[in-house]
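# Architecture and fold: a report
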Amino acid sequence: MSSLTAQVDDHAHDEQEHHHHKDTFVTKYIFSQDHKMIAKQYLIIGVLVMGFIGIAMSLLMRMQLAWPGEAFLVFDTFLGKWAPDGIMDADVYLALVTMHGTIMVFFVLTAGLSGTFSNLLIPLQIGARDMASGFLNMVSFWLFFVASVIMIISLFVEAGPAAAGWTIYPPLSALPMAQPGSGLGMTLWLSSMAIFIASSLLGSLNYIVTVINLRTKGMSMTRLPLTIWAFFVTAIIGVISFPVLLSAALMLIMDRSFGTSFFLSDIFIQGEVLHYQGGSPVLYEHLFWFLGHPEVYIVLLPALGITSEVMSTNARKPIFGYRAMVASILAIAFLSTIVWGHHMFISGMNPFLGSVFTFTTLLIAIPSAVKAFNYITTLWKGNLQLNPAMLFSIGLVSTFITGGLTGIILGDSTLDINVHDTYFVVAHFHLVMGISALYGLFAGVYHWFPIMFEGKMLNKNMGYIHFWVTAICAYGVFFPMHFVGMAGVPRRYYQNTAFPMFDELADVQILMTVFALIAGAAQLVFVANFIYSIFYGKIGPQNPWSSNTLEWTTPQKHVHGNWPGAIPEVHRWAYDYSKVDGDGEYIIPDQDFVPQHIPLQQDEEELNH
Amino acid sequence: MSTLLILVVLVLVAIAVWQLTKIFELSQVKKVNTQIATDKDNKYNGYMLFAFLVFIYGITIFSFAKYAKFLLPTAGSEHGAEVDNLMLVSMIIIFIVQTITQALLYYFGYKYKGEKGKKALFYADNDRLEFIWTIIPVIVLAGLILWGLYTWTNIMDINDEDDPLIVELYAQQFNWTARYAGDDNVLGGANVRLIDIDRVNVMGLDEADSYAFDDVIVKELHLPVGRKVNFKMRSQDVLHSAYMPHFRAQMNCVPGMTTEFSFTPIYTTEEMRQNSDVVDKVKRTNIIRAEKSLRTGEVLDPWEFDYILLCNKICGRSHYNMQMKIIVETEEEYTKWISEQTTFAETVFKDDEQPTFNTVDDVSMTE
């Protein structure tokens with residue numbers, strides 16, 4: 001069997017070599033089937049371009065909230081006719097809310113994060129020449145690209161983009177007369193998302209097949225790095241839940257365009273009764289959140305996987321409780337599909353269902369808590385190399401705890417009654433999935449930049465500035481926000497001036513906005529560092545972080561098929577950091593790590609997997 | 001407050017400058033130009049991690065000191081006290097866990113900052129530890145779940161015991177309407193298909209249903225103190241959510257179905273205005289409003305506390321201003337008020353000229 005595998009590998013490699021010479025600009029940089037190039041395409045389109053738009057939108061909203069009704073040149077510049085005399089219009093505020101949510105959740109943190117790191121790391125860390133299907137992988141990216149283009153085009157249609165919130169609950173999203181954004185803007189939103197889902201499914205199926213079939217010799221499932229476990233399980237959740245969103249989107253399209261009544265009934269609007277009869281918006285909510293909640297973990301699990309890897313490497317210690325970590329990922333994945341109803345406690349569904357969902361929701365806190373404790377224990381008695389990636393990983397654990405804990409409030413149906421849809425929720429999910437996932441994303445970019453850009457490294461000092469300013473501002477924005485929510489301020493309000501009871505919160509709003517603006521500026525440091533380093537970054541050592549995983553055994557200069565010779569064979573798990581023999585000496589003298597492809601040494605015991 | 005803001009900004013600028021000088025210093029002293037953390041990086045960032053822990057505690061204490069007074073005043077409903085107790089206990093648990101775990105995280109980050117030659121401990125697993133921190137959340141969460149579910153079941157048990165007042169809350173873009181069931185305390189049948197604007201049947205009541213005749217349609221919600229109210233909620237166009245934060249009450253209004261919520265108000269508006277937290281809040285708010293009036297020239301009336309119903313589900317352009325005043329009053333005041341209102345029959349079956357509706361609140365939307 002082993003010789004057969006080796007032959008196949010060599011053959012595959014030969015084939016790759018032939019291809020290599022035929023690369024044109026188009027096949028290398030545009031319609032590339034190489035997973036490393038596709039990863040970079042996702043990073044640049046998904047994270048940098050879409051991320052820039054999404055974050056910029058949030059800053060415009062924050063400015064409106066802090067200084068309601070005031071005129072700003074930036075409003076005039078970017079919003080044009082939707083900001084007459086530089087004063088933001090109420091409809092465009094809702095459009096910004098909607099598009100910020102859509103872009104950040106789906107385009108940046110789903111496609112950008114998974115797309116970049118699943119593509120980059122799955123083949124490299126499991127020891128494969130490429131994805132199972134390079135072609136499908138390419139199609140997946142280009143569908144994502146088309147979805148992004150359509151979503152951006154929707155920003156420019158005459159009546160404005162979708163504005164019904166990123167959850168696009170009907171009837172608001174279904175009836176063009178309910179708000180201007182529910183016209184062509186919503187049609188484009190739905191089309192874009194349908195294509196996005198197709199892209200996501202193709203990508204996910206590819207990841208799953210690759211992880212199951214293409215692991216190198218010796219790479220058993222229990223030797224997989226936790227990154228791969230996270231990407232693998234994320235892909236499975238995606239395959240299970242995204243089709244349900246597609247069905248919801250299709251039904252909504254039918255309600256909108258073909259007069260069906262899946263989600264609509266008994267509507268009187270703008271002086272006339274509509275024909276819809278018998279549908280229910282609550283059905284839509286069920287379908288949406290059947291994806292929507294797993295989606296949170298689709299966003300979060302890859303970030304946690306990246307953190308596991310980065311933290312262990314930089315702590316020079318094995319990740320604590322590898323098996324418990326895998327079990328937690330699986331438990332979270334399973335539970336994530338049966339908790340969606342906690343978004344709907346007060347939607348009008350049967351209160352008994354609310355009880356069930358409270359129960360399952362609070363259960364999911366258990367594996368999450370296990371993960372947090374394991375991260376903390378991983379730091380204990382480590383030799384922490386505080387690289388920017390490590391700081392972002394520590395930051396992730398911090399915001400994951402802070403944001404996760406308030407989930408205990410929101411997951412409790414009784415307590416949810418009064419904080420539902422207030423800024424308490426906004427603070428909660430921004431910390432636990434927004435900021436945490438972004439930290440995971442940044443940790444990954446700092447850590448694996450040399451793999452993506454042929455050995456070049458990001459500037460660490462700019463990385464430190466980026467991290468510290470971001471970390472301070474993230475808490476500065478979202479910690480006080482909990483209080484705003486508990487004061488009863490609803491989310492998605494264009495301004496809070498219609499209620500004197502919120503007047504005294506104006507100062508907090510300004511404070512949060514100032515922090516948000518500084519945080520936004522700090523991201524420019526990252527962008528500058530990123531672009532500069534692509535061209536002028538210092539080439540570092542082949543394995544700069546002294547890491548155990550297979551990607552660091554590849555040559556810095558990219559080759560098709562990843563390894564110029566045979567694929568390395570794996571002999572141990574990925575976390576033999578600071579492992580010592582019976583005499584307290586490192587397994588490999590003077591080296592505190594033992595990469596996965598190093599065979600067991602004499603008298604060495606294989607532990608923990 | 002603005003000085004405080006400036007201070008915060010100054011601190012941030014100071015940190016940025018400090019970091020910049022540090023970079024400069026590092027790049028001068030260290031000729032080895034590596035992008036991998038050196039012992040010096042580890043040391044500085046280790047200290048920063050500790051400082052950041054102080055910052056997190058700092059912003060927590062600051063927020064509590066400055067913002068705790070913004071929280072909603074004591075609950076105006078019977079079940080509200082239970083919700084608040086559960087909230088308090090959950091919050092205490094959360095804060096204990098938050099304080100401990102953040103301390104461990106950042107303290108370890110600081111304590112074990114890397115040094116060349118230092119040996120990390122190969123510590124891959126410990127079943128007992130894993131068991132402990134699985135079982136502790138299980139127990140704590142089990143307690144919270146049981147308590148939460150018990151309270152939830154009680155709140156959501158909407159029944160006709162204790163002679164509840166039946167009130168319909170009717171939502172539309174972008175205002176609220178309330179309908180009282182009248183002397184028979186039974187709401188007449190209604191459907192949006194029966195809406196007849198010309199006859200001022202704006203809620204689509206069934207004109208053939210005698211239960212509807214004595215229904216009272218109003219734009220301001222009056223509730224007698226101490227009597228259970230069962231709300232039936234409807235929406236005529238898109239989703240809305242009837243959010244009454246002072247009563248710890250909220251329920252979505254869904255077109256095509258009727259949703260329900262029930263609570264018993266325990267303080268009249270007058271009593272609530274005497275509550276010391278509310279008195280302070282009103283005082284603070286009116287100072288802010290007076291200052292703002294001076295600054296902008298736009299005259300803001302002094303505010304007087306009132307219970308309020310807000311829309312809390314995105315519903316379109318004027319979602320941010322979809323509200324209705326709620327007045328909780330004594331039984332006598334309520335009886336007097338309701339007897340002065342015209343009934344549906346009086347409004348609709350009056351054949352002569354355009355019938356007038358009950359007082360329309362001036363806060364309702366114009367847009």
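Residue numbering note: each chain is counted from 1, following its sequence as written. Here chains are named by letter from A upward and ligands by number from 1 upward, in the order in which they appear as written. Local features are withheld for residues below a pLDDT of 70 in this predicted model, meaning they are given only at 70 or higher, and side-chain atom pairs are given and counted only at 80 or more; totals for whole chains, interfaces and linings count all residues.

Before going further, it helps to spend a moment on the overall build of chain A. Counting its regular elements, chain A contains 17 helices and 4 strands. For the radius of gyration, the atoms used are the C-alpha atoms, and the globule rule reads 2.2 Å times the number of residues raised to 0.38. Taking 2.2 N^0.38 as the reference for a compact globule, 609 residues should give roughly 25 Å; the C-alpha atoms of chain A span a radius of gyration of 25 Å, in line with that estimate. Remark: C-beta atoms are placed from the backbone, and a residue is labelled buried if 20 or more other C-beta atoms sit within 10 Å of its own, exposed if 12 or fewer do, or partly exposed between those counts. In chain A, buried positions account for 64% of the 609 residues. Here a strand is any run of E in DSSP of at least two residues, a helix any run of H or I of at least four, and the numbering for each starts at the N terminus.

The subject of this paragraph is the overall build of chain B. Regarding its fold elements, chain B presents 9 helices and 10 strands. Taking 367 residues into account, the globule formula puts the C-alpha radius of gyration at 21 Å, and chain B, at 29 Å, lies well above it. With the C-alpha coordinates of chain B rotated into their principal frame, the extents come out at 95 × 60 × 40 Å. Counting only residues that meet the buried cut, chain B has 38% of its 367 residues in that class. Placing C-beta atoms from the backbone, we regard two residues as in contact once those atoms come within 7 Å. The long-range fraction of contacts in chain B, counting pairs at least 24 apart against all pairs at least 6 apart in sequence, stands at 69%.

Time to look at the interface of chain A and chain B. Contacts between chain A and chain B engage 119 residues on the former and 109 residues on the latter. With 14 residues, helix α16 (residues 460-486) of chain A is the largest single contributor of residues to the side of chain A that touches chain B. Per-class residue counts for the side of chain A that touches chain B are 74 nonpolar, 31 polar and 14 charged. For this scheme, ten residues count as nonpolar: Ala, Val, Leu, Ile, Met, Phe, Trp, Tyr, Cys and Pro. Four count as charged, namely Asp, Glu, Lys and Arg, and the remainder, Gly too, count as polar.

This brings us to the nonpolar core. Among soluble globular proteins, nonpolar side chains are generally buried collectively. Think of a nonpolar core as buried Ala, Val, Leu, Ile, Met, Phe, Trp, Tyr and Cys residues, each tied to the set through C-beta atoms within 7 Å. With 297 residues, the main nonpolar core has Cys473(A) and Leu169(B) as its most contacted residues. At 23 residues, the largest contribution of residues to this core is made by helix α5 (residues 90-126) of chain A. Ignoring sequence-local partners within four residues, the contact set of Leu169(B) consists of Trp176(B), Ala178(B), Phe231(B), Met233(B), Ala242(B) and Cys253(B).

We now examine the environment of Tyr446(A). All names here are of chain A. Its location among the elements puts tyrosine 446 in helix α15 (residues 423-452). Considering only alpha carbons, one finds tyrosine 446 and glycine 80, 366 residues apart in sequence, at a separation of 37 Å. Contact partners of tyrosine 446, with chain neighbours within four places excluded, come to Asn387, Pro388, Ala389, Phe392, Leu458 and Gly463.

So, about the domain arrangement of chain A. Residues and elements named next belong to chain A. As far as domains go, chain A holds domain 1 (34-264) and domain 2 (294-538). Computed from C-alpha coordinates alone, the two centres of domain 1 and domain 2 are separated by 18 Å. Listed per partner, the contact involves 41 residues of domain 1 and 41 residues of domain 2. Broken down by element, the side of domain 1 that touches domain 2 gets its largest block of residues, 13 residues, from α5. Residue composition of the side of domain 1 that touches domain 2, by class: 29 nonpolar, 9 polar and 3 charged. Domain start and stop points were drawn from an automatic or database domain assignment.

Residues and elements named next belong to chain A. In this analysis an axis means a line fitted to C-alpha atoms, helices contributing only their contacting stretch, and an angle means the value between N-to-C directions, from 0 to 180 degrees. Two elements in contact, helix α7 (residues 184-213) and helix α8 (residues 226-257), have axes whose closest approach is 8 Å; the angle formed by their N-to-C orientations is 150°. Classified by the interaxial angle, the pair formed by α7 and α8 is roughly antiparallel. When the axes of α7 and α8 are compared, the crossing they make is left-handed. Each residue belonging to the contact of α7 with α8 can be placed in one class, and the counts come to 21 nonpolar, 3 polar and no charged. Working definition: roughly parallel below 35 degrees, roughly antiparallel above 145 degrees, roughly perpendicular at 65 to 115 degrees, and oblique for all remaining angles. The crossing is said to be left-handed when, going from far helix to near helix, the turn is anticlockwise and less than a right angle, and right-handed when the turn is clockwise.

Residue placement: Val11(B) occurs in helix α1 (residues 2-29). Through-space distance from the C-alpha of Val11(B) to that of Leu205(B) is 62 Å; in sequence the pair is 194 residues apart.

Glancing now at the sheet that holds strand β10 (residues 323-329) of chain B. Residue and element names in this part refer to chain B. Two strands form a pair only when DSSP identifies at least two bridges running between them. Pairing is mixed in the open sheet, where 5 strands are placed in the order β4-β10-β9-β6-β7. Edge positions in the sheet fall to β4 (221-224) and β7 (249-253), since each of these pairs with one other strand and no more. Direction aside, the axes of adjacent strands within the sheet are offset by 20° on average. Direction of pairing for strand β6 (residues 240-244) relative to β7: antiparallel, over a ladder of 5 bridges. Bridge assignment links serine 241 to a residue of β7, and that residue is asparagine 252. Against the sheet, helix α8 (residues 331-340) touches β4 and β10, its axis set at about 140° to β4.

Right, let's get into the pairing of strand β5 (residues 229-235) of chain B. Residues and elements named next belong to chain B. Most of β5 sits out of view: 6 of its 7 residues are buried. Here 5 bridges tie β5 to strand β8 (residues 259-263), and the two strands are oriented antiparallel to one another. Within β8, the residue paired with asparagine 230 across the bridge is serine 262.

Right, let's get into the confidence of the model for chain B. Residues and elements named next belong to chain B. pLDDT: the predictor's confidence for each residue, scored from 0 to 100. The pLDDT averaged across chain B works out to 89; a share of 90% of its residues lies at or above 70. Every residue in residues 352-356 scores below 50 in pLDDT, and together they form 3 contacts with partners more than four places removed in sequence or on other chains. Long-range and interchain partners of residues 359-367, a stretch whose pLDDT sits below 50, account for 18 contacts in this model, where long-range means more than four residues apart.

Let us look at unusual backbone geometry. At the junction of Pro170(A) and Pro171(A), the peptide bond is cis and its omega measures out at 0° in the coordinates. Following the sequence through the fold, Pro171(A) ends up in the loop between α6 (134-153) and α7. Between Gln173(B) and the following residue, Phe174(B), the backbone shows a cis peptide bond with an omega angle of -5°. By the secondary structure assignment, Phe174(B) is in the loop between β1 (165-172) and β2 (175-180). A positive phi angle, close to 55°, is found at Asp85(A), a residue other than glycine. Within the fold, Asp85(A) resides in the loop between α4 (73-79) and α5. The backbone of Asp421(A) shows a phi angle near 60°, a positive value even though the residue is not glycine.

The next subject is the environment of Arg199(B). Residues and elements named next belong to chain B. Here arginine 199 lies in the loop between β2 and α5 (210-213). Since 14 C-beta atoms lie within 10 Å of it, arginine 199 is described here as partly exposed. It is 44 Å that separates the C-alpha atoms of arginine 199 and alanine 290, two residues lying 91 residues apart in sequence.

For the rest of this paragraph, the subject is the sheet that holds β8(B). Residues and elements named next belong to chain B. In spatial order, the strands read β3-β2-β1-β5-β8; together these 5 strands make up an open sheet with mixed pairing. Across the chains shown, the open sheet's two edge strands, defined by having one partner strand only, are β3 (216-218) and β8. Direction aside, the axes of adjacent strands within the sheet are offset by 25° on average.

With that settled, consider the pairing of β4(B). Residues and elements named next belong to chain B. Of the two faces of β4, both are covered, the one formed by Leu221 and Leu223 as well as the one formed by His222 and Pro224. Where β4 meets β10, 4 bridges bridge the pair, whose relative direction is parallel. The residue bridging histidine 222 from the neighbouring strand is isoleucine 327, located in β10.

The next point concerns the packing of helix α3 (residues 80-111) of chain B against helix α4 (residues 127-156) of chain B. Residue and element names in this part refer to chain B. Running from amino to carboxyl end, α3 crosses α4 at an angle of 165°, the nearest separation of the two axes being 11 Å. Compared by their axis directions, α3 and α4 come out roughly antiparallel. Note that α3 runs across α4; the crossing there is left-handed. Of α4, the residues touching α3 (which contributes Glu82, Val83, Leu86, Ser90 and Ile93) are Val140, Leu144, Trp147, Gly148 and Thr151. Of the residues belonging to the contact of α3 with α4, the class tally is 6 nonpolar, 3 polar and 1 charged.

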